[in-house]
Amino acid sequence: MLEAQVGNGTGHRIDIEMGATVIEVKKDISRPKARNEAVVQLTKYVRARTEQRERRHVGILTDGADWRAYTLVRDELNEVNRFDVRERNVKALDLVRWLEGVLATSEGAAPTPDAIATRLGADSVAHSIDKTILTALYEENKNQPTVQLKRDLWARLLRSALGAQFENSDDLFIEHTLLVNTASIIAHAVMGIDVKDTAPASLVYGQLFAQARISGVVESDFFGWPLETEGGEGFVQDLARRLAGFDWSRVEHDVLKVLYESVISTETRKKQGEYYTPDWLAEATVIEAVPDPLNQRIMDPSCGSGTFLFHGVRRYLTAAKDAGLPLREALDSLHDHVAGIDLDSSVA
């Protein structure tokens, strides 16, 4: 929408508005004074839309070459990501992808490794926005007893297993929280559940799975703490809307592994002894080791993101279908045939 009325009685108009994104266009934002004045104006628009629609809105400031993304933190607009088309080797498609990370308007995107890393990985604007919001929620609530307890229990678990290799940092706890909540929402989406219209508590705690008598998929753990904070439900809802842009029925890879590797640094993963098997090797290993999936069991005692489990489940369900087993019966028996455990529940 172009020149949208703000509606707060000032007569001001938003240059461009798309979904939950407000875009302010200026002739030149290279000079700090002009940019700061534009940010003040953009802040008013984002605040107004957030209050009017009771949903988090983000802002973009641009002069056509310099694109900057902002989100509200404690009622102040914070810059979280930037894209400059004048940088070397930048392609037009790169700007389109950057904008999509802010606008979150795509539908039916295939969840390929490249798409996951580009749209949700550590360098994406979507990750910058989500982590900024989650960090603010944590900082405002870290002294709350239940939040503090979950943070301490998480640290004790990893310290007991990793010893001196474990670096106890708030940043890692926040990254794990974002990853686990993302994984929980993806688990629902893969099952065909409309995550945009599902209550945040159901997405985080797996209530729908419990009602369907499916265990071990999404359960309450250390990382449900955002729902105990003011603004936590909105955070989960916005995350769900973003993830709903993918067609999760088209999953062909271990997407959690791709997401984890794109967010957690190589150095941190090395210290924690986390090494991931390529999908092609995991698939070949399962085919070789499990020639009779209906009468054999797969157990991975250090499953990580579940690459071997992913291919084990696919192999078992394919064999069950070929044998004429009803889907309900196959799913009820699945946990007797494929199982895995892992220290780090953020990727298991």
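A quick note: this is a predicted structure, and the numbers were derived from the prediction, not measured. (Residues numbered from 1 in each chain as written. Predicted model: local features only at pLDDT ≥ 70, side-chain atom pairs only at ≥ 80, totals over all residues. Heavy atoms only, no water.)

Engineer: Is there a simple way to explain the overall build of the chain in this structure?
Structural biologist: From N to C terminus, the chain includes 14 helices and 8 strands. Out of the 348 residues in the chain, the part that is buried amounts to 47%. At a minimum sequence separation of 6, the contacts of the chain that also span at least 24 residues come to 62%. When the accessible area of the chain is evaluated, it comes to approximately 17700 Å², of which 51% is carbon and sulfur surface. (Helix = DSSP H or I, 4+ residues; strand = E, 2+ residues; numbered from the N terminus. Buried < 20%, exposed > 50% of the residue type's maximum accessible area, 1.4 Å probe, protein only. Contact = heavy atoms within 4.5 Å. Areas by Shrake-Rupley, 256 points an atom, 1.4 Å probe, with all protein chains shown as cover.)

Engineer: Explain the layout of surface pockets here, please?
Structural biologist: Empty space left among the atoms is revealed by rolling a probe the size of a water molecule over them. There is about 610 Å³ of room inside the second largest pocket. Lining the second largest pocket are 21 residues, with Thr50, Arg56, Leu72, Glu230 and Gly231 positioned closest to its centre. If you list the elements that add at least two residues to the lining of the second largest pocket, you get α1 (32-53), β5 (66-73), α4 (125-141) and α9 (232-243). It is α9 that provides the largest number of residues to the lining of the second largest pocket, a total of 5 residues. (1 Å grid on protein atoms, 1.4 Å probe; cavity = no way out; pocket = protein on both sides within 12 Å on 5 of 7 lines; lining within 4 Å. Points joined across faces, edges and corners; volume = space filled by probe spheres on them.)

Engineer: How should the pattern of salt bridges be read in this particular structure?
Structural biologist: Pairing is possible between side chains that carry opposite charge, provided their charged atoms lie close to one another. One pass over the structure, following the stated rule, counts 24 salt bridges. Taking the shortest distance from any N to any O, the salt bridge between Glu17 and Arg53 comes out at 2.7 Å. Note that Glu17 is positioned in strand β2 (residues 13-18) and Arg53 in helix α1, a separation of 36 residues in sequence. Take Glu17: its relative accessible area is 5%, and that puts it in the buried class. Judged by its relative accessible area of 44%, Arg53 falls in the partly exposed class. The salt bridge involving Glu76 is made with Arg47; its shortest N-O contact spans 3.3 Å. You can see Glu76 sitting in strand β6 (residues 76-84) and its partner Arg47 sitting in helix α1, a full 29 residues away along the chain. (Salt bridge = Lys/Arg side-chain N within 4 Å of Asp/Glu carboxyl O.)

Engineer: Hey, could you run me through the side chain of Ser128 in this one?
Structural biologist: Secondary-structure assignment places Ser128 in helix α4. In this view, Ser128 contacts Val80 and Asn81; residues no more than four positions away in its chain are not counted.

Engineer: Help me out: how do you make sense of helix α14 (residues 327-337) in this one?
Structural biologist: Residue pairs spaced three or four apart in an α-helix point in one direction, given the helix's 3.6 residues per turn. Among the residues of α14, Ala330, Leu334 and His337 are the ones counted as buried. Down the axis of α14, the buried set is contained in an arc of 80°. They therefore lie on one face. Turning to α14, the residues buried within the fold contact β7 (298-300), α13 (307-322) and β8 (338-340). (Arc of directions from axis to C-beta.)

Engineer: Which parts of the structure should I look at to understand empty space enclosed by the protein?
Structural biologist: All told, the structure shown has 4 cavities of 30 Å³ or more when counted by the stated rule. Considered class by class, the residues forming the lining of the largest cavity number 8 nonpolar, 2 polar and 1 charged. (Nonpolar A, V, L, I, M, F, W, Y, C, P; charged D, E, K, R; others polar.)

Engineer: Mind showing me how you'd approach the packing of α13 against α14 here?
Structural biologist: Geometrically, a packed helix pair is captured by the angle between its two axes and the distance between the axes. Orientation of α13 relative to α14, taken along the N-to-C sense of each, is 135°, at an axis distance of 11 Å. Put simply, α13 runs oblique to α14. Considering how the two elements wind past one another, α13 and α14 form a crossing that is right-handed. Mapping the contact onto sequence places Val313, Tyr316, Leu317 and Ala320 in α13 and Ala330, Leu331, Ser333, Leu334 and His337 in α14. Considering only residue class, the contact of α13 with α14 consists of 7 nonpolar, 2 polar and no charged. (Axes fitted to C-alpha atoms, helices over the stretch in contact; angles between N-to-C directions. Parallel < 35°, antiparallel > 145°, perpendicular 65-115°, else oblique. Left-handed = near helix turned anticlockwise from the far one by under 90°.)

Purely spatial values, then, with no claim about function.
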